[in-house]
Amino acid sequence: MSKPRTILYKSKKLADGKSHPVMLYLFIGRDYVISLGYSCTPEQWNTKQGRFNKKMENHEEKNSVLWQKEILADKIIQEMALREKPFSIDEFKEKFGGKNKTITIAEFLDIRIHELEVEGAIGNMNRFVQIKGMLKNYRNNSNTLFTDVDYKFLKGFETYILSRETTTKKSNAYFYMRMLRAAFNEAIRRGYVDEQYYPFKTQFTKNGFSIAHLNGDYNPRPLSMEEFDRLVQFDIEAHPKLARSYWNFMLLVEARGLNFSDLCELTDENVNNGRIAYIRKKTGKSYNIPLTDRMITMLQKFRGKKYLYSQMDKAPTDPKKRNVFVRNQLRFFNQDLEKISILLALDTKITSYTARYTYTNVLIQRHVAVPLIQQALGHSNIATTQHYIRKFSNEEVDREVAVF
């Protein structure tokens, strides 16, 4: 076995009668040649170096591609050799050519959309529908490959999103970039594109495209301890129309920052032996949370016949209609929370997600160790937990106040 190298395959002459294909040459027990998509005349080729010479247009750029192809081929061969199985040229060609040659981003997104619809994950399905539509508007074609997505592509995509009259907030660009990044990661996992083409910034790709600067518009904050104390004392009897939303928000806080969409799916079957057990839709992680006296009181007041969130008793069963119903409930819920914020003259706007940050803040005030906070929140990576904690000011972190 020898290292892969690039050759001008003079045994084959192209239609012009002068050019020959540029091929990747392998010797693994026998000779193999694989087309690299280039051709040239002998006068444009440096046989000793196995590269185009200066007579070839854009020779430096094309030689860089040839070099990358040789590196990729060698990497694939070494990985196949480590398995100690006979070499398969068909497998090599599949890995070397890359499935990204035969599948566009739009086609891959269609696959994910179908999968998520079958799984009943309508919220995520709709997100992929949105990113597919935005990409189509940006490029005005459906033939874009994953290998077409580089820093220049992403910067142009960002500019396009921000230039749209109806979506000028950075948070919109952040949303679409996150979805495109998620699609790219999944395509890599499935072998549709090699990780060497990953365009986003990581600890290994410092010059990749970063989406962090787009996250400025969305900055959820926890209630301060003083604000939370005022919320606890909120006069529900004076505002009975806000009672259900108030108690459900308090339930979200005490249930370790329970997500609203997860709350909507909890039924009597999730409550056993004084605990709530459920699987979070976003991460697939299992939670098992003890019921506090306050949580028991909340459930006694507002649980439905089947669902803990009473409005879900009348939710449609069709997945798409159900998703719309939950989104509308969240909108009504957040509207009520905003009214409570105004009535209490809070500096922090309350939303359903404020519950998760507020719960985290409570743990910090109690000086709970970060690994335990990570476990309580269900984060796979402690860096995610630290991201939550960094959002709180030093003054808040240093202050210890009894809350519950």
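The structure under discussion appears in the preceding block.
Residues numbered from 1 in each chain as written. Predicted model: local features only at pLDDT ≥ 70, side-chain atom pairs only at ≥ 80, totals over all residues. Heavy atoms only, no water.

K.L.:
Please set out helix 2 (residues 89–97) residue by residue, giving values where relevant.
P.N.:
Residues of helix 2 that are buried: Ile-89, Phe-92 and Phe-96. Angularly, the buried residues of helix 2 cover 55° about the axis, an arc narrow enough to put them on a single face. Elements in contact with the buried residues of helix 2: strand 2 (20–27), strand 3 (31–40) and helix 1 (59–82). (Buried < 20%, exposed > 50% of the residue type's maximum accessible area, 1.4 Å probe, protein only. Helix = DSSP H or I, 4+ residues; strand = E, 2+ residues; numbered from the N terminus. Arc of directions from axis to C-beta. Contact = heavy atoms within 4.5 Å.)

K.L.:
Pulling in residues and values, what's your account of the pattern of salt bridges?
P.N.:
The full count for this structure, using the stated rule, is 14 salt bridges. Across the pair Lys-155 and Glu-158 runs a salt bridge, and its minimum N-O distance is 3.4 Å. Of this pair, Lys-155 and Glu-158 are both found in helix 5 (residues 151–163), 3 residues apart, which corresponds to roughly one turn of the helix. A residue is classified by how much of its surface remains accessible, and Glu-158, at 6% relative accessible area, is buried. Linking Asp-268 and Arg-303 is a salt bridge whose minimum nitrogen-to-oxygen distance equals 2.6 Å. Here Arg-303 lies in the loop between helix 10 (293–302) and helix 11 (319–343) and Asp-268 lies in the loop between helix 9 (260–264) and strand 6 (271–272), a separation of 35 residues in the sequence. (Salt bridge = Lys/Arg side-chain N within 4 Å of Asp/Glu carboxyl O.)

K.L.:
Lay out empty space enclosed by the protein in plain terms, naming residues and giving numbers.
P.N.:
According to the stated counting rule, one finds 1 cavity of 30 Å³ or more in the structure shown. Considering only enclosed or pocket space, the largest cavity measures out at about 40 Å³ in volume. If you list the elements that add at least two residues to the lining of the largest cavity, you get helix 8 (243–254) and helix 10. Of the residues belonging to the lining of the largest cavity, the class tally is 6 nonpolar, 1 polar and 1 charged. (1 Å grid on protein atoms, 1.4 Å probe; cavity = no way out; pocket = protein on both sides within 12 Å on 5 of 7 lines; lining within 4 Å. Points joined across faces, edges and corners; volume = space filled by probe spheres on them. Nonpolar A, V, L, I, M, F, W, Y, C, P; charged D, E, K, R; others polar.)

K.L.:
Account for the pairing of strand 2, naming residues and giving values.
P.N.:
Burial within strand 2 is extensive, with 7 of its 8 residues counted as buried. Of the strand pairs in this sheet, strand 1 (residues 5–8) and strand 2 are connected by 4 bridges, and their pairing is antiparallel. Across the sheet, Thr-6 pairs through a bridge with Leu-24, a residue of strand 2. Two strands pair when backbone bridges link them, and strand 2 and strand 3 are joined in this way by 8 bridges, in the antiparallel orientation. (Pairing = 2+ DSSP bridges.)

K.L.:
Can you lay out the sheet that holds strand 3 for me, pointing to particular residues and giving the numbers?
P.N.:
Strand order in the open sheet formed by 3 strands is 1-2-3, and the pairing between neighbours is antiparallel. The open sheet has two edge strands, strand 1 and strand 3, and neither has a second partner. Here the average twist between neighbouring strands, direction ignored, is 30°. Sheet contacts for helix 1: strand 1, strand 2 and strand 3; angle to strand 3, the most-contacted strand, approximately 160°. Sheet contacts for helix 2: strand 2 and strand 3; angle to strand 3, the most-contacted strand, approximately 30°. (Axes fitted to C-alpha atoms, helices over the stretch in contact; angles between N-to-C directions.)

K.L.:
If you had to explain the nonpolar core to someone new, which residues and values would you point to?
P.N.:
With 50 residues, the main nonpolar core has Leu-231, Phe-249 and Ile-340 as its most contacted residues. When residues in this core are grouped by element, the largest group, 8 residues, is from helix 8. Aside from chain neighbours lying at most four places away, what touches Ile-340 is Leu-231, Phe-234, Leu-242, Tyr-246 and Ile-350. Grouped together as the second largest cluster of nonpolar side chains are 34 residues, Leu-109, Ala-173, Met-177 and Tyr-192 included. (Core = buried A, V, L, I, M, F, W, Y, C linked by side-chain atoms within 4.5 Å.)

K.L.:
Please give an account of helix 7 (residues 225–232) that cites residues and values.
P.N.:
Inspection of helix 7 places Met-225, Glu-227, Phe-228 and Leu-231 among the buried residues, and these make up the whole buried set. Angular distribution of buried residues about the axis of helix 7 spans 155°; they occupy a single face of the element.

K.L.:
Tell me about the packing of helix 3 (residues 105–119) against helix 4 (residues 122–139), and name the residues and values.
P.N.:
In contact at an axis separation of 8 Å, helix 3 and helix 4 are set at 165° when each is read in the N-to-C sense. One element, helix 3, and the other, helix 4, form an angle in the roughly antiparallel class. By crossing handedness, the relation of helix 3 to helix 4 is classed as left-handed. Each of Ile-105, Ala-106, Leu-109, Asp-110, Arg-112, Ile-113, Leu-116 and Glu-117 in helix 3 lies in contact with helix 4, whose residues at this interface are Ile-122, Asn-124, Met-125, Phe-128, Val-129, Ile-131, Lys-132 and Leu-135. (Parallel < 35°, antiparallel > 145°, perpendicular 65-115°, else oblique. Left-handed = near helix turned anticlockwise from the far one by under 90°.)

K.L.:
Can you tell me about the side chain of Ser-310, naming the residues and giving the values?
P.N.:
Positionally, Ser-310 belongs in the loop between helix 10 and helix 11. Judged by its relative accessible area of 16%, Ser-310 is buried. A polar side-chain atom of Ser-310 sits 3.5 Å from the main-chain carbonyl oxygen of Phe-302. Not counting the four nearest positions on each side in its chain, Ser-310 is found in contact with Arg-244, Phe-302, Arg-303 and Gly-304. (Polar contact = N/O pair within 3.5 Å; in protein donor to acceptor, adjacent residues only side chain to side chain.)

K.L.:
Requested: an account of unusual backbone geometry, with residues and values cited.
P.N.:
Phi is positive for Asn-58, close to 55°, though the residue is something other than glycine. Within the secondary structure, Asn-58 sits in the loop between strand 5 (51–52) and helix 1. A positive phi angle, near 55°, is found at Ala-345, a position not held by glycine. Position of Ala-345 relative to the elements: it lies in the loop between helix 11 and helix 12 (354–365).

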